[in-house]
Amino acid sequence: MLAKAIAIPDYQSLILPVLQFSKEGETKVPIAAKKIVDGLGLTQEDRDEMLPSGKQRLLYKDID
């Protein structure tokens, strides 16, 4: 069985949007995470991707 291709960027690709967003000033993690994944155009399926343990999402847990 082939592994599903993950559309979620790796750390190196994700750090630039995080740093760009941080220039806007202090915020809460859920707000920042939502704006970043919205900006990346991730689908709901991407946002719901689970860690191999199946106990929490790969991305921040409260992104809808």
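Residues numbered from 1 in each chain as written. Predicted model: local features only at pLDDT ≥ 70, side-chain atom pairs only at ≥ 80, totals over all residues. Heavy atoms only, no water.

Draft legend 1. Local environment of the overall build of the chain. Across its full length, the chain carries three helices and zero strands. When the helices and strands of the chain are listed from N to C terminus, the series reads α-α-α. Accessible surface, the chain as shown: approximately 5,100 Å² in total, 58% of it carbon and sulfur. (Helix = DSSP H or I, 4+ residues; strand = E, 2+ residues; numbered from the N terminus. Areas by Shrake-Rupley, 256 points an atom, 1.4 Å probe, with all protein chains shown as cover.)

Draft legend 2. The arrangement of the pattern of salt bridges in detail. Following the criterion strictly, the structure yields three salt bridges and no others. Of the charged contacts in the structure, one is a salt bridge between Asp 38 and Lys 34, with a shortest N-O distance of 3.1 Å. In this pair, Asp 38 and Lys 34 both sit in helix α2 (residues 29-40), four residues apart, roughly one turn of the helix. Among the residues examined, Asp 38 registers a relative accessible area of 38% and is labelled partly exposed. Here the residues in one salt-bridge network are Lys 34, Asp 38 and Arg 47, joined through shared partners. (Salt bridge = Lys/Arg side-chain N within 4 Å of Asp/Glu carboxyl O. Buried < 20%, exposed > 50% of the residue type's maximum accessible area, 1.4 Å probe, protein only.)

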